[in-house]
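# Structure at a glance
What follows is each chain in one-letter form.
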Amino acid sequence: MEARLIELGVETFKIALYLSMPMLLAGLFAGLAISIFQATTQINEMTLSFVPKILVVVVVAIFTMPWMMNLMIEFTTRIITMIPTFIF
């Protein structure tokens, strides 16, 4: 039983990583592109680095929302069906 709980905890962390990875990677690549643009043009405006990254992350979140919802629904369904097996 403890092994199943540890396995469930590891799977929870994997799901969290899968859900956050598209937005983190999009923010990383947008930040890299903006930094290269700022370095080549020598524009050091702070809002230039934050606003586009936020917009990119929001757009990626909107486009990946169906996939994220399916992943969460499957995981939640699996956990709910496992509840009766954890009764002592």
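Here we summarise the structure given alongside this text. (Residues numbered from 1 in each chain as written. Predicted model: local features only at pLDDT ≥ 70, side-chain atom pairs only at ≥ 80, totals over all residues. Heavy atoms only, no water.)

## Some remarks on the packing of helix α1 (residues 2-41) against helix α2 (residues 46-82)
Two packed helices can be described by the angle between their axes and the distance between those axes. Stated formally: Axes, fitted as lines to C-alpha atoms, cover a helix only where it is in contact. Angles between the N-to-C directions of the axes lie from 0 to 180 degrees. Counting from the N terminus, the helices are DSSP H or I runs at least four residues long and the strands are E runs at least two residues long. An angle below 35 degrees is read as roughly parallel, one above 145 as roughly antiparallel, one from 65 to 115 as roughly perpendicular, and any other as oblique. By convention the crossing between two helices is left-handed if the near helix lies anticlockwise of the far one by an angle smaller than a right angle, and right-handed if it lies clockwise.
Orientation of α1 relative to α2, taken along the N-to-C sense of each, is 165 degrees, at an axis distance of 9 Å. Judged by the angle between their axes, α1 and α2 are roughly antiparallel. By crossing handedness, the relation of α1 to α2 is classed as right-handed.

## Points about the nonpolar core
The test is simple: Buried Ala, Val, Leu, Ile, Met, Phe, Trp, Tyr and Cys residues that are joined via side-chain atoms within 4.5 Å together make up what is termed a nonpolar core. Each residue's exposure class comes from its accessible area (1.4 Å probe, protein chains only) as a fraction of the maximum for that residue type: buried when under 20%, exposed when over 50%, partly exposed otherwise. Contact criterion: two residues are considered in contact whenever any of their non-hydrogen atoms come within 4.5 Å of each other.
Of all hydrophobic cores here, the largest spans six residues; its members are L8, I15, L19, M68, L71 and F75. Elements with a contribution of two residues or more to this core: α1 and α2. In contact with M68, not counting residues within four places along its chain, are L19, M23 and A61.

## Quick look at the environment of I79
Considering the arrangement of structural elements, one finds I79 in helix α2. Look at I79 and you get partly exposed, because its relative accessible area is 29%. Taking the C-alpha atoms as reference points, I79 and L8, 71 residues apart in sequence, are found 8.5 Å from one another.

## Side note on the side chain of T64
The condition that has to hold: Polar contact is the term for a pair of N or O atoms within 3.5 Å; when the atoms are in protein, one must be able to donate a hydrogen and the other to accept it, and sequence-neighboring residues count only if both atoms are side-chain atoms.
By secondary structure assignment, the location of T64 is in helix α2. By relative accessible area, T64 is classed as buried at 18%. Polar contacts involving the side chain of T64 include one to the main-chain carbonyl oxygen of V60, which spans 2.7 Å.

Everything listed here is a matter of geometry and, on its own, says nothing about what the molecule does.
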